[in-house]
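Listed below, chain by chain, are the residues.
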Amino acid sequence: MCGIVGIVGHSHVNQGIYDALTVLQHRGQDAAGIVTCDGDRLYLRKDNGMVRDVFRTRHMRRLVGNMGIGHVRYPTAGSSSSAEAQPFYVNSPYGITLAHNGNLTNAEALAEHIFRADLRHINTTSDSEVLLNVFAHELQSRGKLQPEPKDIFDAVAAVHQRVEGAYAVVAMITGYGILAFRDPHGIRPVCFGRKDTPNGPEYMVASESVALSSLGFNVVRDLAPGEAIYITAEGEMHTRQCADNRACIRVSLNRFIWRVRIPLSTVSPCTRRACAWGKAGRESGA
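(A) Main features of the packing of aromatic side chains. With the rule as written, the count across this model stands at four aromatic pairs. With a centroid separation of 5.7 Å and 70° between ring planes, the pair formed by Tyr94 and Tyr176 is classed as edge-to-face. Note that Tyr94 is positioned in the loop between β5 (88–90) and β6 (96–104) and Tyr176 in the loop between β7 (165–173) and β8 (177–182), a separation of 82 residues in sequence. For Tyr94, a relative accessible area of 22% gives the class partly exposed. Centroid distance Phe135 to Phe181: 6.3 Å. Interplanar angle 35°. Geometry classified as tilted. Note that Phe135 is positioned in helix α5 (residues 127–140) and Phe181 in strand β8, a separation of 46 residues in sequence. For the pair Phe135 and Phe181, a shared accessibility class is recorded, and that class is buried. Connected via pairs of aromatic rings, a cluster forms that spans Phe135, Tyr167 and Phe181. Between Lys46 and the ring centre of Phe88, over which it is positioned, the NZ or CZ distance is 4.6 Å.

Set out below in structure tokens:
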């Protein structure tokens, strides 16, 4: 289980992402990372350790920009090497960084296909790097010099067709915006919120709503299974359902019972019912 966060604001977002990762620290204590975007430049800091240990004042000063993403890692796939701390980066197309919570059940086959068919090299054993390269390839295949929301959502739809497993993703396209999407079965959580400021609305996505409310964002809702949200660098929000085979979650109840800070975090109706069933089962000794 990992924690993800992304913010598009009107001022530097480094402190907000740091604070959100601290709130989500219970979701992963192995490694932490933040990447921000200022114009067409990315600034990245990631390493093994707790949030408070990975980011010192000298690191925070370098993380400039009005949009960024962050991640806290609990290793479920790959190794515990600092090379597998997230977010991951790929330079083509556009310069994309990505962080993800979940497990891909066909990661090994995807990595082989990426190498032979897409001509992309995977440098770690992390399924997050595989997911990043699948998305990057699908977005590059749109053949656009400047991606439009439709191109990005079409790429996400193609990812759903190739990837198997449970995943909640936040990604940043350098100079363009932040994207978040959820697997077609909604197994991993992700929600988004909005905060109105004198300079216009700011948007945030995170694994749990407690991260949004702690930063003063109003929780809008969970992303639906298979849904994607794209927020441009200028603060324009777009959403689209990118999968047809949506289903209410039916597995991994303990992930929600033990890993989500209920009632501090809100959860979707499907998840809420799953937690209730799990609690009833424990109380009855089932």
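(B) Geometry of helix α6 (residues 149–162). Here α6 contains 14 residues, and its C-alpha end-to-end distance of 20 Å stays within 8% of the 20 Å for a straight helix at 1.5 Å per residue. In terms of burial, α6 is a largely internal element, 12 of the 14 residues being buried. All of the buried residues along α6 are Pro149, Asp151, Ile152, Phe153, Asp154, Ala155, Val156, Ala157, Ala158, Val159, His160 and Arg162. The inward-facing, buried residues of α6 contact α4 (107–116), α5, β7, β8, β12 (227–232) and β13 (237–241).

(C) Representation of helix α1 (residues 14–23) in the model. For α1, the tally of buried residues reaches seven of 10 residues, placing the bulk of the element in the interior. Taken together, the buried positions of α1 are occupied by Asn14, Gly16, Ile17, Tyr18, Ala20, Leu21 and Val23.

(D) Geometry of the sheet that holds strand β11 (residues 218–222). Ordered in space as β3-β2-β4-β1-β10-β9-β11, the seven strands form an open sheet in which the pairing is antiparallel. Looking along the sheet, the strands with just one partner apiece sit at the ends: β3 (41–48) and β11. Neighbour-to-neighbour, the strand axes of this sheet turn through a mean angle of 15°, independent of strand direction. Relative to strand β10 (residues 200–206), strand β9 (residues 191–197) runs antiparallel, the two sharing seven bridges.

(E) Molecular detail of the packing of α5 against α6. Between α5 and α6, the least distance of the axes is 8 Å, while the angle of their chain directions is 130°. With respect to their mutual orientation, α5 and α6 come out oblique. With respect to the hand of their crossing, α5 and α6 are arranged in right-handed fashion. Contact residues: Leu131, Val134, Phe135, His137, Glu138 and Leu139 in α5; Asp151, Ile152, Ala155, Val156, Ala158, Val159 and Arg162 in α6. Here the contact of α5 with α6 is built from residues that sort into nine nonpolar, one polar and three charged.

Reading guide: rules and limits
Residues numbered from 1 in each chain as written. Predicted model: local features only at pLDDT ≥ 70, side-chain atom pairs only at ≥ 80, totals over all residues. Heavy atoms only, no water. Phe/Tyr/Trp six-rings, centres within 6.5 Å; stacked < 30°, edge-to-face > 60°. Helix = DSSP H or I, 4+ residues; strand = E, 2+ residues; numbered from the N terminus. Buried < 20%, exposed > 50% of the residue type's maximum accessible area, 1.4 Å probe, protein only. Lys NZ or Arg CZ within 6 Å of the ring centre and 35° of its normal. Expected span 1.5 Å × (residues − 1). Contact = heavy atoms within 4.5 Å. Pairing = 2+ DSSP bridges. Axes fitted to C-alpha atoms, helices over the stretch in contact; angles between N-to-C directions. Parallel < 35°, antiparallel > 145°, perpendicular 65-115°, else oblique. Left-handed = near helix turned anticlockwise from the far one by under 90°. Nonpolar A, V, L, I, M, F, W, Y, C, P; charged D, E, K, R; others polar.

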